[in-house]
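# A closer look at the structure
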Amino acid sequence: MSGDGTVGKALDVLDQVAAFGRPVRFGTLLAQSSYPKATLYRFLQTLTSQGMLEYDAEHQTYSPGVRLVRLAHAAWTQSSLAPIARPALDRLSAEVGHTVHLAQLDNAQVLYVDKRNATHPVEMFSDAGKVGPAYCTGVGKAMLAFLPEEELERVIRQQSFHRFTEYTLTTPAALKAELHKIRRRGYAFDREEHEPGIICIAHPVLTGQGRVLGALSVTGTTETISLDALEALAPRLAGVAQAVAADAQAWRFPDSTMQNTGT
């Protein structure tokens, strides 16, 4: 529960509705809410009247409203690497033929901000707009490895360390050892750590002073590409990451005006 008064509580409810990823009924929200029935209903009514939520009277469900979508779009275009990196991602995708991801860190998790599907698309978790774990994804580990030590310790404390597959790193010590190798090598792998059969190579997008802006990855399946073949793409991926970082600093993310926050 938020400690920021009425506004914070209303945002809690907004987050709860959005987290379902589908229209949701009041009873379902109430079952998972920490607020009393009358309080939850009041917040839902206020959010709906302000256009932040939409209520479907026929199905009696709540979903994100048009006003929230407009605000999200404005935030996306002003803070995301996606518009900056779009041309580079298009070129990389056309060259490699495999799935390409662009991600940033968001509250110790991975936010996928853009994606290009493979020539022959494969079903996988990571669509643009989705949030995933940092400790067991290639893009997540690529970003974590280059965070300042104090920031890294904070982010590691926030990881859940759930075992998704037999290859998932499930302890802080194991993750730190892996991040040390990534920092020395310059890029990361996902060795089926998040999804069975899904592997990738990922490279951080870093400013000239080493601040983490995001990460790029090329992803495939164990049936279509090997880790060795992915590693052969490392020089090309590094070049794209450097180009994206240069464009980002020139346009929106100069080192001189932003703190080293890791995002």
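The text that follows walks through the structure, step by step, so that each part is easy to find. What you are looking at is a predicted structure, and each value in this text was computed from that prediction instead of being measured.

For Ala108, which is not glycine, the phi dihedral falls at a positive 70°. Examined against the element boundaries, Ala108 turns out to sit in the loop between strand S4 (99-106) and strand S5 (109-116). Positioned with a positive phi, Phe161 is a non-glycine residue whose angle comes to about 55°. Along the chain, Phe161 falls in the loop between helix H7 (149-157) and helix H8 (172-185).

Strand order in this open sheet of 6 strands is S6-S5-S4-S9-S8-S7, and the pairing throughout is antiparallel. Two strands close off the open sheet at either side, each with one partner strand: strand S6 (131-132) and strand S7 (188-191). Where S5 lies against S6, 2 bridges are found, and the strand directions are antiparallel. Bridge pairing in S6 links Val110 to Gly132.

This part takes up the pattern of salt bridges. For the structure shown, the criterion picks out 8 salt bridges. A salt bridge links Glu95 to Arg236; its shortest N-O distance comes to 2.7 Å. On the criterion of sequence distance, the pair formed by Glu95 in helix H5 (residues 82-96) and Arg236 in helix H10 (residues 234-251) is long-range, its members being 141 residues apart. With a relative accessible area of 32%, Arg236 lands in the partly exposed category. Among the charged side chains, a network of salt bridges with common partners joins Lys141, Glu178, Arg191 and Glu193.

To continue, consider the pairing of S4. Looking along a regular strand, one sees side chains alternate from face to face of the sheet. In terms of burial, S4 is largely enclosed, as 7 of its 8 residues are buried. Note that S4 and strand S9 (residues 212-221) share 5 bridges and pair antiparallel. Paired with Val100 across the two strands is Val218, which belongs to S9. In this structure, S4 lies alongside S5, joined through 7 bridges in antiparallel fashion. Considered in S5, the bridge of His101 is made with Lys115. Counting the residues that bridge the hairpin from S4 to S5 gives 2 residues, and of these Asn107 lies at a positive phi of roughly 50°.

Rules behind the numbers
- Residues numbered from 1 in each chain as written.
- Predicted model: local features only at pLDDT ≥ 70, side-chain atom pairs only at ≥ 80, totals over all residues.
- Heavy atoms only, no water.
- Helix = DSSP H or I, 4+ residues; strand = E, 2+ residues; numbered from the N terminus.
- Pairing = 2+ DSSP bridges.
- Salt bridge = Lys/Arg side-chain N within 4 Å of Asp/Glu carboxyl O.
- Buried < 20%, exposed > 50% of the residue type's maximum accessible area, 1.4 Å probe, protein only.

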